[in-house]
Amino acid sequence: MSLLSRPARLSAIAAGLGLALVATGCGNSGGDSAAPAASAGGGDAASAECAPFTEYGKFEGTTVSIYSPIRDAEADLFEQAWKPFADCTGIKITYEGTGEFEAQIQVRADAGNPPDIAFFPQPGLLERFAKAGKLKPASEKVKTLANENWSPDWVKYGTVDDVFYGAPLGASVKSFVWYSPSMFAEKGWTVPTTWADLMTLTETIAASGIKPWCAGIESGDATGWPATDWIEDVVLRDLGPEGYDQWVAHDLPFNDPKMVTAVDKVGAILKNEKYVNGGYGPVKSIASTAFQEGGVPITEGKCALHRQASFYANFWPEGTKVAEDGDVFAFYLPGNDASSKPVLGAGEFVAGFADRPEVQAVQAYLAGGDFPNRRMALGTYVSANKKVDVSKAANAIDKLSMEMLQDPSTVFRFDGSDLMPAAVGAGTFWKGMTDWINGKDTKSTLDFIEASWPKS
Amino acid sequence: MTTIAPSVARTQPKTAAGRVRKRLSGRVASLIAVVIALLWTTPTFGLFLSSFRPEDDIKQTGWWTFFSNPQLTLENYREVLFGSSSSSGRLASFLINSVVITIPSVLFPLALATFAAYALSWTRFRGRDWVYIGIFALQVVPLQMALVPLLSFFSQGVEVFGITLMPAWNLEGSGQFIQVWFAHTCFALPLGVFLIHNFMSELPGELMEAARVDGATHGTILRKVVLPLVAPALAAFGIFQFLWVWNDLLVALIFSGGTAETAPMTVRLAQMAGTRGNEWQRLTSGAFVSMIIPLIVFLSMQRYFVRGLLAGSVKG
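Small disclaimer: the values here were computed from a predicted structure and weren't measured.

## Brief notes about the interface of chain B and chain A
Then step 1. Counting from both sides, the interface comprises 44 residues of chain B and, opposite them, 38 residues of chain A.
Then step 2. Summing the contributions of chain B and of chain A, the shared interface buries around 3,500 Å²; its carbon and sulfur component is 56%.
Then step 3. It is B:Leu253, B:Thr275 and B:Arg276 in chain B that bury the most area against chain A; as a group they hold 19% of the surface buried on that side.
Then step 4. At the junction of chain B with chain A, the criterion picks out 0 salt bridges.
Then step 5. On the surface where chain B and chain A come into contact, there are 4 residue pairs in polar contact (both at pLDDT 80 or more).
Then step 6. At the level of elements, helix H4 (55–60), helix H6 (91–122), helix H8 (143–156), helix H11 (218–247), helix H12 (250–255), helix H13 (265–272), helix H14 (282–300) and helix H15 (302–309) of chain B are the ones that each hand at least two residues to the side of chain B that touches chain A.
Then step 7. The dominant element in the side of chain B that touches chain A, judged by the number of residues it contributes, is H8(B), at 5 residues.

## Let's talk about the packing of aromatic side chains
Then step 1. The final tally for this structure, using the stated rule, is 59 aromatic pairs over all chains.
Then step 2. On the basis of an interplanar angle of 70° and a centroid distance of 6.0 Å, the ring pair of A:Phe53 and A:Phe85 is categorised as edge-to-face. Of this pair, A:Phe53 sits in the loop between helix H2 (47–50) and strand E1 (62–68) while A:Phe85 sits in helix H3 (residues 73–89), and the two are 32 residues apart along the sequence.
Then step 3. Relative to B:Trp169, the ring of B:Phe154 has its centre 4.8 Å away and its plane inclined at 75°; by these criteria the two rings are edge-to-face. With B:Phe154 in helix H8 and B:Trp169 in the loop between strand E2 (163–166) and helix H9 (176–201), the pair connects residues that are 15 residues apart, well separated along the chain.

## Observations concerning the side chain of B:Thr114
All names here are of chain B.
Then step 1. Relative to the helices and strands, Thr-114 is located in helix H6.
Then step 2. Take Thr-114: its relative accessible area is 7%, and that puts it in the buried class.
Then step 3. A distance of 2.5 Å separates a polar atom in the side chain of Thr-114 from the backbone oxygen of Leu-110.
Then step 4. Beyond its immediate stretch of four places on either side in the chain, Thr-114 contacts Ile-196, Met-200, Leu-222, Leu-227 and Leu-234.

## Examining unusual backbone geometry
All names here are of chain A.
Then step 1. The peptide bond linking Val-276 to Asn-277 adopts the cis configuration, its omega dihedral lying at 0°.
Then step 2. Unlike most non-glycine residues, Asp-161 shows phi in positive territory, near 50°.
Then step 3. Tracing the backbone through its elements, the reader meets Asp-161 in the loop between strand E4 (159–160) and strand E5 (163–164).
Then step 4. Overall, Asp-161 belongs to the exposed group, its relative accessible area being 59%.
Then step 5. Phi angles above zero are rare outside glycine, and Asp-162 is one such case at about 65°.
Then step 6. Relative to the assigned elements, Asp-162 resides in the loop between E4 and E5.

## Quick look at the domain arrangement of chain B
By convention, interface size is frequently given as the accessible area that disappears when the constituent parts associate.
All names here are of chain B.
Then step 1. Its domain assignment divides chain B into domain 1 (5–81) and domain 2 (91–309).
Then step 2. Inter-centroid distance (C-alpha atoms) of domain 1 to domain 2 is 32 Å.
Then step 3. At the interface, 13 residues of domain 1 touch 14 residues of domain 2.
Then step 4. When domain 1 packs against domain 2, close to 1,300 Å² is buried across both sides, 73% of that on carbon and sulfur atoms.
Then step 5. Interface area lost by domain 1 to domain 2 is led by Lys-59, Val-80 and Leu-81, which between them contribute 41%.
Then step 6. Scanning the region where domain 1 abuts domain 2 turns up 1 salt bridge.
Then step 7. Here Glu-79 makes a salt bridge to Arg-282, at a shortest N to O gap of 3.2 Å.
Then step 8. Connecting domain 1 to domain 2 are 3 residue pairs in polar contact (both at pLDDT 80 or more).
Then step 9. Secondary structure elements with two or more residues in the side of domain 1 that touches domain 2: helix H3 (27–50), H4 and helix H5 (75–82).
Then step 10. Sort the elements by how many residues they give to the side of domain 1 that touches domain 2 and H5 lands first, with 5 residues.

## A closer look at empty space enclosed by the protein
Residue and element names in this part refer to chain A.
Then step 1. Taken as a whole, this structure holds 3 cavities of 30 Å³ or more when the rule is applied.
Then step 2. As a volume, the largest cavity reaches approximately 40 Å³.
Then step 3. Considering the residues around the largest cavity, the lining is formed by Cys-214, Ala-215, Gly-216, Pro-226, Trp-230, His-306, Arg-307 and Gln-308.
Then step 4. Elements that contribute at least two residues to the lining of the largest cavity include exactly helix H10 (225–238) and strand E8 (306–307).

## Some thoughts on the packing of helix H4 (residues 101–110) of chain A against helix H5 (residues 123–131) of chain A
All names here are of chain A.
Then step 1. Contact pair H4 / H5: the axes reach a minimum separation of 12 Å and the direction vectors enclose 10°. By the angle between their directions, the pair H4 and H5 is classed as roughly parallel. Residues Phe-101, Glu-102, Ile-105, Gln-106 and Ala-109 of H4 touch H5, and the partners they reach there are Leu-125, Arg-128 and Phe-129.
Then step 2. By residue class, the composition of the contact of H4 with H5 is 5 nonpolar, 1 polar and 2 charged.

## Here's the deal with the pattern of salt bridges
Residues and elements named next belong to chain A.
Then step 1. Using the criterion set out here, one finds 25 salt bridges over all chains in the structure.
Then step 2. Close ionic contact of Arg-237 with Asp-233 constitutes a salt bridge, the shortest N to O distance being 2.9 Å. Pair noted here: Arg-237 and Asp-233 are both in helix H10, with a separation of 4 residues, about one helical turn.
Then step 3. Of the charged contacts in the structure, one is a salt bridge between Lys-265 and Asp-238, with a shortest N-O distance of 2.8 Å. Here Lys-265, found in helix H12 (residues 257–270), pairs with Asp-238, found in helix H10; they are 27 residues apart in sequence, far enough to count as distant.
Then step 4. Classification of Asp-238 by relative accessible area gives partly exposed; the value is 33%.
Then step 5. Taken together, the salt bridges that share partners define one network made up of Asp-116, Arg-356 and Glu-358.

Basis of the calculations
Going along each chain's sequence as written, the residues are numbered from 1 onward. Each chain takes a letter, starting from A, and each ligand takes a number, starting from 1, following the order in which they are written. Restriction of local features to residues with pLDDT of at least 70 applies here, the model being predicted, together with a cutoff of 80 or more for giving and counting side-chain atom pairs; totals for whole chains, interfaces and linings are based on all residues. Water and hydrogen atoms play no part in the side-chain values, which are based on all heavy atoms of the structure. Two residues form a contact once any of their heavy atoms are found within 4.5 Å. By definition, the buried area sums, over both parts, the 1.4 Å-probe accessible area that each loses when the two are put together. For this analysis, a salt bridge means a side-chain nitrogen from Lys or Arg found within 4 Å of a carboxyl oxygen belonging to Asp or Glu. Counted as a polar contact is a pair of N or O atoms within 3.5 Å, where, for protein atoms, one must be capable of donating a hydrogen and the other of accepting one, and residues adjacent in sequence contribute only when both atoms are in side chains. Secondary structure follows DSSP: runs of H or I at least 4 residues long count as helices, runs of E at least 2 residues long count as strands, and numbering of each begins at the N terminus. Between 30 and 60 degrees the pair is tilted, below 30 it is stacked and above 60 it is edge-to-face, where a pair is any two Phe, Tyr or Trp rings, Trp via its six-membered ring, whose centres lie within 6.5 Å. Only protein chains enter the accessibility calculation, which uses a 1.4 Å probe; a residue is then buried when its area is under 20% of its type maximum, exposed when over 50%, and partly exposed in between. Domain extents, as shown, originate in an automatic or database domain assignment. In this analysis a 1.4 Å probe is tested at points of a 1 Å grid over the protein atoms alone, and where it fits but cannot get out there is a cavity; an open set with protein on both sides within 12 Å along at least five of seven lines is a pocket; lining residues have an atom within 4 Å of a point. Grid points are joined across faces, edges and corners, and a volume is the space filled by probe spheres set on the points. Note on geometry: axes are lines fitted to C-alpha atoms, helical ones only across the stretch in contact, with angles between N-to-C directions running from 0 to 180 degrees. Angular relationships are summarised with four words: roughly parallel below 35 degrees, roughly antiparallel beyond 145, roughly perpendicular across 65 to 115, and oblique for the angles in between. Each residue receives one of three labels: charged for Asp, Glu, Lys and Arg, nonpolar for Ala, Val, Leu, Ile, Met, Phe, Trp, Tyr, Cys and Pro, and polar for the others, Gly being one of them.

What follows is the structure, given as structure tokens:
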């Protein structure tokens with residue numbers, strides 16, 4: 001009998017505690033739902049503030065849910081940026097960021113419980129949902145805005161079978177080499193403008209006793225992706241944009257002799273013990289170095305060059321000045337000659353699973369010029385939107401990225417591994433490159449990836 | 001480890017059963033147990049130390065360098081628990097979500113499984129054993145298979161040949177807690193019924209008969225006779241279920257909606273490292289915050305846990 005008394009007391013306490021917490025939980029949610037209504041009322045009074053949003057219409061009491069792979073600090077800035085729009089139009093935007101976007105969006109869509117809007121980081125994924133009939137085509141307004149504000153290269157990635165589904169949102173530029181301007185000035189090195197210059201510079205740096213390149217491709221279950229970006233950049237340069245498109249679409253086999261040449265060109269740097277891995281050790285240390293830490297030796301003078309996307313600006317140790325005259329900065333990974341400037345990049349696309357008027361209004365707002373400028377005013381952000389005022393970029397690297405993206409002569413191509421079938425682009429390509437770094441030869445690596453391409 | 005293990009291997013096989021038992025409770029075995037325990041705890045200890053180290057130290061050096069360069073800060077905990085922006089934690093409010101999810105998700109299956117186990121072991125009806133076997137067999141079904149059907153059950157209702165058997169639930173906001181409770185209850189029942197049934201059916205039948213003679217109904221027998229006797233099994237299953245629900249990420253991700261209103265701490269922890277994993281130093285302190293409540297529960301109820309572990313395994 002004594003057995004009962006203790007658990008009984010415990011469960012009574014537990015139940016009481018639970019009730020109290022449920023009660024406070026309800027209290028909180030009540031407060032939250034009351035808040036937007038109040039601020040919407042306030043918005044009406046300050047109609048000057050709401051003037052830019054009148055064109056989108058009024059949708060009091062409606063909710064639009066957004067699902068996205070962007071989370072944490074960046075997500076906060078997004079929410080802050082569209083808050084005036086939400087307050088003025090009366091749309092309550094519920095935002096959810098997740099690290100498991102690719103898997104989760106599939107589950108939700110299959111179960112008939114998709115979000116209203118999703119930010120797709122991969123056009124390949126967007127295409128799959130569009131072909132399955134889950135996505136709603138974008139409204140005419142969104143389509144017009146997208147054509148006005150983005151280059152045809154970008155609009156193409158939001159289009160499936162001639163139907164336009166989603167406008168681009170943010171972007172990142174991948175064709176960058178990070179370096180230390182102060183180190184370059186001290187040693188008298190100059191930023192190269194052609195691939196041949198780059199290799200000469202590499203040799204000069206190696207001769208000076210510093211290992212010129214550092215790299216890291218470890219990224220949990222996505223280990224290998226930074227190496228695939230290297231390959232993509234070189235393919236884009238050697239085979240040209242058309243050749244790149246053929247390769248991505250698998251019209252050019254993965255183990256084609258041209259591909260072997262391109263991969264070997266990367267290997268001349270990444271698999272050369274004389275050139276890597278500055279600050280970390282031999283070639284194989286590339287595979288075990290976290291990509292977040294890959295370029296850090298530059299700040300310690302143990303390495304001179306690190307090829308990584310514009311977002312690497314966030315990964316430098318605290319107190320590192322990112323600027324043309326600062327501790328670190330980036331230059332464009334040169335083309336084969338100084339005249340051609342292909343740019344590899346990535347970004348998100350705003351596609352709707354619903355076509356209610358308020359959902360279309362949010363999509364239209366995100367495709368316009370107001371949102372990216374507001375977002376940029378809050379902190380580091382890159383968008384290929386032509387309405388963005390580049391002079392107001394949050395930092396020098398964002399500015400450089402957007403100048404490159406907006407330059408009409410730029411040929412933009414999306415990160416190829418995000419366009420390929422997931423089995424390759426998020427599977428064997430990553431794994432193949434990791435094995436390749438670990439010593440597997442180029443031909444058999446490419447044969448392995450080719451063999452894994454889904455037959456259909 | 002490598003130096004100790006072979007000596008055990010040499011002494012064990014040739015000895016008789018009695019000597020084996022003696023050895024297993026002897027000094028060497030205890031030493032091995034202590035060594036294993038230390039080895040198993042080392043990573044956790046490292047994580048614990050890391051959670052007090054400054055961000056740059058965590059990212060650039062291993063936790064063992066703490067001993068040569070001791071630098072302590074509570075910054076990680078402050079950021080994770082009370083960070084002013086929604087990005088840097090506010091784990092405190094997600095902690096409440098976790099509790100709101102966990103308590104009903106433990107109590108519902110506990111209650112339902114107790115009733116079911118009593119009915120299956122002490123009332124007589126046709127097909128009773130088949131029902132029991134059916135429930136038992138359900139344990140084999142991986143819950144991952146049920147995620148999509150169950151979610152569409154909530155979002156679209158049930159329709160057979162054009163007839164709506166159940167409309168969509170259309171739960172929003174904090175109503176999504178109901179989905180999570182429902183899902184956890186479903187997934188817990190097969191094991192719960194099995195565990196408690198095994199324990200309950202071992203009770204002597206004379207007890208029930210005596211109670212019946214005194215005029216007790218099934219309700220009274222369950223409440224006054226059976227419940228006190230199966231308390232250890234209930235506590236054990238309760239702890240199992242508590243730990244499972246508390247640590248669960250998958251079910252919460254899919255059914256809780258993932259917003260600050262309903263998401264538990266595990267979902268928040270997974271987001272906290274940042275879009276590109278650049279803030280992973282927060283995970284050190286985040287992990288310890290999420291560990292505190294299970295530790296309290298486990299330590300305060302561990303004697304039931306050990307006793308209940310034997311439920312169903314040792315007969316008699």
